[in-house]
Amino acid sequence: MVLRKGSIAEPEELGDQFALLVSNVIDYAIFMLDTTGVVVTWNEGAQRIKGYRADEIIGRHFSVFYPTEEARNRKPDWELEVAIREGRYAEEGWRVRKDGTQFWASVVITALRDETGRLRGFGKVTRDLTDRHMMEEQRNAERDAEAQRLREHATSMAELEQAKTEFLNLASHELRGPLTVIRGYNSMLGDGTIPSDQVPSIARLLEAKLAQMDLLIEQMLETARMEHDRLELTRDRFDVRWVAQEQLDLFRPLAHGHHFVMDAAHEPLVVEGDRSRISTIVANLMDNALKYSPAGGEICLMSGRRGTDVFVSVRDEGIGISPEHLPRMFTRFGRLPTQENMSISGTGLGLFLCKEIAVRHGGDIKVNSRPGVGSEFTLTLPAVR
Ligand code: ADP
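These lines cover the structure that appears in this document, whether it is placed above or below. Residue positions within a chain follow its written sequence, with the count starting from 1. For a predicted model such as this one, the threshold for reporting local features is a pLDDT of at least 70, and the threshold for listing and counting side-chain atom pairs is 80 or more; totals across whole chains, interfaces and linings nevertheless cover every residue. With hydrogens and water set aside, each side-chain value is computed from the structure's full complement of heavy atoms.

Turning our attention to the site of the ligand. In the vicinity of the ligand there are 19 residues, among which Tyr292, Arg335, Asn341, Thr347 and Leu351 approach most closely. By the criterion applied in these results, polar contacts are pairs of N or O atoms within 3.5 Å in which, for protein atoms, one can donate a hydrogen and the other can accept it, and in which residues neighboring in sequence qualify only through two side-chain atoms. A distance of 2.8 Å separates a nitrogen atom of the ligand from a polar side-chain atom of Asp316. Per-residue accessibility takes into account occlusion by the displayed protein chains alone, with areas from the Shrake-Rupley method and a 1.4 Å probe. For the ligand, whose unbound accessible area comes to 530 Å², protein coverage reaches 99%. Numbered from the N terminus, helices here are DSSP runs of H or I no shorter than four residues, and strands are runs of E no shorter than two. Elements represented by at least two residues in the shell around the ligand include exactly α9 (275–291), α12 (350–360) and β12 (374–382). Residue type decides the class: Asp, Glu, Lys and Arg count as charged, Ala, Val, Leu, Ile, Met, Phe, Trp, Tyr, Cys and Pro as nonpolar, and the leftover types, Gly among them, as polar. Residue composition of the shell around the ligand, by class: seven nonpolar, nine polar and three charged. Proximity criterion: a residue is near a molecule or strand once any of its heavy atoms comes within 4 Å of it.

Now for the nonpolar core. Think of a nonpolar core as a cluster: buried Ala, Val, Leu, Ile, Met, Phe, Trp, Tyr and Cys residues, connected wherever their side-chain atoms sit within 4.5 Å. Buried residues are those whose accessible area, probed at 1.4 Å on protein chains only, stays under 20% of the maximum for their type, while exposed residues exceed 50% and partly exposed ones sit between those limits. Val240, Ile281, Met286, Ile365 and Phe377 are the most contacted members of the largest nonpolar core, which totals 40 residues. The set of elements that each furnish at least two residues to this core consists of α7 (199–227), α8 (240–251), α9, β9 (297–306), β10 (309–315), α12 and β12. Take this core: its biggest share by element is eight residues, from α9. The contact partners of Ile281, leaving out residues within four places of it in the chain, are Cys354, Ile357, Ala358, Ile365 and Leu379. In this structure, Phe31, Leu33, Val39 and Val107 belong to the second largest nonpolar core, which totals 22 residues. Any two residues having at least one pair of non-hydrogen atoms within 4.5 Å are treated as being in contact.

Our focus in this paragraph is the packing of α7 against α9. Close contact between α7 and α9 brings their axes to 11 Å; oriented N to C, the two are set at 125°. Taken together, the axes of α7 and α9 are oblique relative to one another. At the point where α7 passes α9, the crossing takes the left-handed sense. Where α7 abuts α9, its residues Gln212, Leu215, Gln219, Glu222 and Arg225 lie against Arg277, Thr280, Ala283, Asn284 and Asp287. Angles shown run from 0 to 180 degrees and are taken between the N-to-C directions of axes, each axis being a line fitted to C-alpha atoms and, for helices, limited to the stretch in contact. By the definition adopted for this analysis, an angle is roughly parallel if under 35 degrees, roughly antiparallel if over 145, roughly perpendicular if from 65 to 115, and oblique otherwise. Two helices crossing with the near one rotated counterclockwise from the far one by less than a right angle form a left-handed crossing, whereas a clockwise rotation gives a right-handed crossing.

A word on the sheet that holds β12. In short, DSSP must find at least two bridges between two strands for them to pair. Pairing is mixed across the open sheet formed by five strands, whose spatial order is β7-β9-β10-β12-β11. Of all strands in the sheet, those bounded by a partner on one side alone are β7 (258–263) and β11 (364–370). Between one strand and the next, the sheet's axes are offset by a mean angle of 15°, whatever the strand orientation. With seven bridges joining them, β9 and β10 adopt antiparallel strand pairing. When the sheet's bridge partners are listed, Met302 is paired in β10 with Ser313. Contacts from α8 reach β7, β9, β10 and β12, with the element oriented near 165° to β7.

Right, let's get into the environment of Gly304. As for its placement among the helices and strands, Gly304 is situated in strand β9. Given a relative accessible area of 5%, Gly304 falls into the buried group. Distance from Gly304 to His266, taken between C-alpha atoms, is 8.3 Å for residues 38 residues apart in sequence. In contact with Gly304, not counting residues within four places along its chain, are Ala265, Leu269, Asp309, Val310 and Phe311.

Attention shifts here to the state of the cysteines. Cysteine pairs can be covalently joined through their sulfur atoms, and such a bond is termed a disulfide. In what follows, a disulfide is any cysteine sulfur pair within 2.5 Å. Inspection of every chain in the model, using the stated rule, returns zero disulfides. Looking at the unpaired Cys354, the closest cysteine sulfur is the one in Cys300, lying at 18 Å.

Right, here's the structure in full:
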């Protein structure tokens, strides 16, 4: 901007009306600095935005409007240098009011020169854009949060996809095992190579293998029902001792170096609930006791009463579980990441479902285990009085 020769940024020299206009503008701080950056004029808007009266600020260096760190780094002087070099300097940034609070300012500094090109001072126009800035910040924060939510959703979908693929592999593997055994015996039955006295025990083995396949299919269906909130429990009254006995008889043919012990209460242990699902829980615990004790050993099925609850527990002398892995066992697809465990097939659905079903009956499943010694899983259910 070029000023009349001899002008030194005094409001009187701007012409009365124009000076009046500038001095009464309240939405903008409009003021002048001398060539060193000292404030020489002040308007209504400057007082409103920055909080200083004219007599408090005229004569002071304009670096008081900057946050301490920026003032110390001589940013104000640098801005004047840019204005001298390029005619003007413009930016948005934090500035400081008289009371120390900060506001978001839109700033333009213009170098003022006379007709000979000599620098006479600077014009400075500042606008308080704090509200707009805050809204923008909030919009940005909301956009970031939304982007983060979408990223997390995409990650969890990818993890779910991965878990489902893994599950399909594991489930196919689980089904193929008993299927192979059944197919083998079936072909022997077909060509008559099984002696007739062995047929009853082989029939029991096949029954047990079919029960294992049933268990897995049931696990898959139950998980799907649970995901769609369609798991409805029936209400039967029954004695859990008979459930335990049935499962022991069913799993007996699958023993390989195991011997079974039944330690049942001598009094009825009546509960109310979904009999077939409670049977499935005991079947899962038996299946695991056999699977996770590959070297054989005792498997003890106990039942009894504890306070107002009844319990059925299955204890094995298998590989056991270290304490840090205990919380993972009851989660969906929660297989334990140990070398030994990985060599035994499974889907990680069994205990997750057992726990859910027990809890929906007002009961629970607890585990007590020591690595290398064995595990005991206990199902508790409220007793019917
Ligand atoms: P899986 O199909 O893998 O057997 P479960 O949900 O039944 O799934 O069990 C979850 C994990 O808990 C198993 O992968 C295994 O690591 C551990 N586990 C369950 N029962 C036993 C047990 N009796 N002894 C040792 N570990 C067990």
